Amino acid sequence: MIPTNGAARLWAAVSASLALFLMITVTVTYTGSAAPAAATSDAAGDPQQFDVALSEFTIEPAEFTATAGASLTFSIENTGQAVHDFTIDSGPQSETVPAGGSTTLEVDGLNAGEYRVFCSLPGHADAGMEGTLRVTDDSGAAPEAAGHDAGDHSDLTPEQMVAGHVEGVKAFPAETAGKGNQALKPTMDGDVKVFELTADEIEWEVAPGEVKAGMAYNGQIPGPRLEANVGDRVRIVLHNELDVPTAVHPHGLVVPVDQDGVPGLTQDPVMPGESFTYEYTLRNSGSHMYHSHFDSAVQVPSGLLGAFIVHGRDEPKVDLDYTMILNDGPLGYTLNGKGFPATEPLVVDKGQKIRVRYMNEGLQIHPMHLHGMPQRVIAKDGYALPQPHLEDTVLVAPGERVDVIIDATEVGPWAFHCHILNHAEAAEGMFGMVTALMVQ
Ligand SMILES: [Cu+2]
């Protein structure tokens, strides 16, 4: 769905004010303020080793003390549920570490000083993943601040902050390569609807110029949207072109256990180069998903996920039926695989009705807040609620699907974003889980 010219004009007219709709959260920005020094010839050159544990949202320990000029080895373990890294203010940075993973960061000869250490993933430092590395010289002289105080939340001038915000909003919706969640038309084999899914590693442009390593079904993140009707017989043929094993789990669907896609429990893993065929009859309608169930804390946030919508009887009539898949991890904070300003606006006319099917494939919760109009919550996990109710902020936990109806009664460009604000905005402007509902 591409906004019309009218919508784009409407958007441009009020773009400058949109930035003010969201509370500004500030994050620390940093510059390389202390160049690594050559190791000195004294005892300071002895190697020093530190164990570091990363989790949501702490770095343990939060304080390190080292000697100037020494070779420092940080043995880093990610004990959390999300992807993290370990970054030192002067520039050295570990590779990103998946949940349960570990890595090592070697740093040679830092100058005496106080350095901020943190996780560089958007929002993680603000959420608490930061600490201090004190590097002292032999003289025991008090270290000079080499980085920035924890309380010094931005190097940006007010004008630079405004410029960043306006630039992002002006660029919205920004063009990027690749589009996920595209409807996949099945082929028919008799009465069976056949969907072919090929899993492979890809490069994915999350936001303009921001290309990240991901995993995808049919080259798109989220994977193609599967749609069928309750009572249909479907066949899902998975081809594994990844370098690692995988499998597909039909999340939310009631299927025979041997179709549940859990390697080791219900089937063998699908090895690189192999294929696997699932076939079942759709028994329950609603907003469901399919995703990898192998090394899933890596494969799902990396992109091996998609919507599986089963249409039933008595569905509400709407003008726009919009699937919004939430994700967090190696691709950052995304809506349908893209971060603001590359997210897609929802464009409707005044008086129209929208159904949003939220699906959370990430490892974190995301409270989705729409400005201007309430959201009528009609279904949870594909099951109709006996008593629909209104909310303006709809919490979607990992694995959950929540369906809402929005009556587009108020004209204008309405901010629509995750209300964990560091999933949506930084001092430099909005990013990640932000889009807009544009009512013309
Ligand atoms: Cu969020």
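Preceding this paragraph is the structure being described.
The text that follows walks through the structure, step by step, so that each part is easy to find.

A rise of 1.5 Å per residue sets the reference length of helix α2 (residues 158-171), with its 14 residues, at 20 Å; its end C-alpha atoms lie 20 Å apart and thus fit the reference within 8%. Where α2 is concerned, the buried positions are H165, G168 and V169. With its buried residues spanning 95° around the axis, α2 presents them on a single face.

This part covers the environment of E167. As for its placement among the helices and strands, E167 is situated in helix α2. For E167, a count of 14 C-beta atoms within 10 Å translates into the label partly exposed. Placed 261 residues apart in sequence, E167 and E428 show a C-alpha to C-alpha distance of 9.6 Å.

Read from one edge to the other, the open sheet built from 6 strands follows the order β19-β18-β21-β26-β23-β24, with strand pairing classed as mixed. Each having just a single partner strand, β19 (334-335) and β24 (383-391) make up the two edges of the open sheet. By the bridge criterion, 7 bridges tie strand β18 (residues 320-327) to strand β21 (residues 353-360) in an arrangement that is parallel. If you follow L320 over to β21, its bridge partner there is I354.

Okay, the environment of T334 next. Looking at the secondary structure, you find T334 in strand β19. Looking at T334, the number of C-beta atoms within 10 Å reads 29, which means it is buried. Note: C-alpha distance between T334 and M324 (10 residues apart in sequence) is 9.7 Å. The contact partners of T334, leaving out residues within four places of it in the chain, are V206, N327, G339 and G432.

F308, L326, Y358 and L437 are the most contacted members of the largest nonpolar core, which has 71 residues in total. Tallying contributions element by element places strand β10 (residues 192-207) first for this core, with 6 residues. For L326, the contacting residues outside a window of four places in its chain are L335, Y358, M359, N360, E361, G362, H366, V396 and M433. Formed by 26 residues, the second largest nonpolar core is a distinct cluster that contains I59, A70, F74 and A112.

The omega torsion across I221 and P222 is -10°, close enough to zero to call that bond cis. With respect to the helices and strands, the residue P222 is situated in the loop between β11 (210-217) and β12 (226-229). Looking along the chain, the bond that leaves F340 and enters P341 is cis, with omega of 10°. With respect to the helices, strands and loops of the structure, P341 is situated in the loop between β19 and β20 (346-348). You will see that D295, though not glycine, has its phi angle at about 45°, which is positive. Located in the positive-phi region is D314, a residue other than glycine, with phi close to 60°. As for its position among the elements, D314 is in the loop between β17 (305-311) and β18. The class for D314 is exposed, based on 6 C-beta atoms found within 10 Å.

This next bit is on the pairing of strand β7 (residues 113-118). Counting buried residues along β7, 5 of its 6 residues qualify, which places the element largely inside the surrounding structure. Relative to β7, strand β5 (residues 87-88) runs antiparallel, the two sharing 2 bridges. Opposite T87, over in β7, you have F118 as the bridge partner.

Once that is clear, we can look at the sheet that holds β17. The strand order across the open sheet formed by 4 strands is β12-β17-β16-β14, and the pairing between neighbours is mixed. Two strands close off the open sheet at either side, each with one partner strand: β12 and β14 (248-251). Strand-to-strand twist across the sheet, computed as the mean angle between neighbouring axes with direction ignored, equals 20°. Two strands pair when backbone bridges link them, and β12 and β17 are joined in this way by 4 bridges, in the parallel orientation. Residue pairing across strands places E227 opposite I309, the latter belonging to β17.

This brings us to the pairing of strand β4 (residues 71-78). Burial along β4 is one-sided: the face carrying L72, F74, I76 and N78 is buried and the face carrying S71, T73, S75 and E77 is not. Examined bridge by bridge, strand β1 (residues 48-55) and β4 share 7 bridges and lie parallel to one another. Along β4, the bridge assignment pairs Q49 with T73. Inspection of the sheet shows β4 paired to strand β6 (residues 102-108) by 7 bridges, in the antiparallel sense. Pairing of F74 across the sheet is with L105, part of β6.

Conventions used here
- Residues numbered from 1 in each chain as written.
- Predicted model: local features only at pLDDT ≥ 70, side-chain atom pairs only at ≥ 80, totals over all residues.
- Helix = DSSP H or I, 4+ residues; strand = E, 2+ residues; numbered from the N terminus.
- Expected span 1.5 Å × (residues − 1).
- Buried ≥ 20, exposed ≤ 12 C-beta atoms within 10 Å, placed from the backbone.
- Arc of directions from axis to C-beta.
- Pairing = 2+ DSSP bridges.
- Contact = placed C-beta atoms within 7 Å.
- Core = buried A, V, L, I, M, F, W, Y, C linked by C-beta atoms within 7 Å.
- Axes fitted to C-alpha atoms, helices over the stretch in contact; angles between N-to-C directions.

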